[in-house]
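Coordinate analysis (summary)
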Amino acid sequence: MPEISSLDRDDTARGASRPADHDSEDARGHLDIGARLLKVRKRRQLTLQDASRLTGVSASAFSKIERNELSPTISTMQRIAQGLGIELVSLLNDQDNDPGAFRGRRSVTRAGAGSRHATVTCNNMLLCADLKNKRATPILTTVTARSPDDYPAWAKSEAEIFVMVLEGTLIVHSALYEPLELNKGDSVYYDASTEHTWTSSGPTDAVVLWVLVDL
């Protein structure tokens, strides 16, 4: 993240040939997104066409996500979660989305732990994933993309994003601004409704801590 995957382009040839080799659950904590998404849709008695209408993701692409033939980016999963009226982390962690019954709640993620979700351009680890019904989703991401051309399309969502660079150099590309270079310790907060994407620059991949804030 952040990117809109080929899922949002109705099965481009590039997307259709991309294996979903990061989504099965294994010892490293990768998730079977397809099975979880199918479970949510069936539980709500939605057809693929219903899901497409609610989320803006084509029925064909939705079906391929469920079959793990296409690997959705976090941007795409956020659109699906918003369209289905559930929290992104709840979808990624197969949690119920019941409201919290008490105040003062908290969540702790130990070093190296978290809910993993990898794409062809970023390796993401969702932090504090056990905490439900939160508007802000903290994510630790290693950005492997080196060019905007690595993305089938740029991200755009009804959210705000805060990013701090922990290691390396991150380039934030925006439809409104010239590319923004951020180095270790730099941060930015921006409106994600404008098309944008991230790449790494230099010999190592950028590692960033970012927070996705639903509006």
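One structure accompanies this document, and this report is about it. (Residues numbered from 1 in each chain as written. Predicted model: local features only at pLDDT ≥ 70, side-chain atom pairs only at ≥ 80, totals over all residues. Heavy atoms only, no water.)

1. Looking at the packing of helix α2 (residues 33-43) against helix α4 (residues 59-66)
Their axes nearest at 7 Å, the elements α2 and α4 cross at an angle of 120°. Relative to α4, the element α2 is oriented oblique. For the pair α2 and α4, contact is made by I33, G34, A35, L37, L38 and R41 and by F62, I65 and E66, respectively. In the contact of α2 with α4, the residues fall into 6 nonpolar, 1 polar and 2 charged. (Axes fitted to C-alpha atoms, helices over the stretch in contact; angles between N-to-C directions. Helix = DSSP H or I, 4+ residues; strand = E, 2+ residues; numbered from the N terminus. Parallel < 35°, antiparallel > 145°, perpendicular 65-115°, else oblique. Contact = heavy atoms within 4.5 Å. Nonpolar A, V, L, I, M, F, W, Y, C, P; charged D, E, K, R; others polar.)

2. Remarks on the pattern of salt bridges
All told, the structure shown has 5 salt bridges when counted by the stated rule. The shortest N-O distance in the salt bridge between R53 and D50 comes to 3.8 Å. One end of the pair is R53 and the other is D50, both in helix α3 (residues 48-55) and 3 residues apart, which spans about a single turn. Take R53: its relative accessible area is 60%, and that puts it in the exposed class. Put simply, D205 and R146 hold a salt bridge, and the shortest N to O gap is 2.7 Å. In this pair, D205 sits in the loop between β8 (196-201) and β9 (206-214) while R146 sits in the loop between β3 (136-143) and β4 (159-167), placing the two residues 59 residues apart along the sequence. (Salt bridge = Lys/Arg side-chain N within 4 Å of Asp/Glu carboxyl O. Buried < 20%, exposed > 50% of the residue type's maximum accessible area, 1.4 Å probe, protein only.)

3. Brief notes about α3
Spacing of three or four residues puts side chains on the same side of an α-helix, whose turn is 3.6 residues. Taken as a whole, α3 has its buried residues at A51, S52 and T55. One side of α3 carries all its buried residues, which in axial view fall inside an arc of 100°. Along α3, exposed side chains directed more than 90 degrees from the buried face belong to Q49 and R53. Looking at the packing, one finds that the buried side of α3 touches α2, α4 and α5 (74-84). Residue G56 follows α3 closely and has a positive phi angle near 85°. (Arc of directions from axis to C-beta.)

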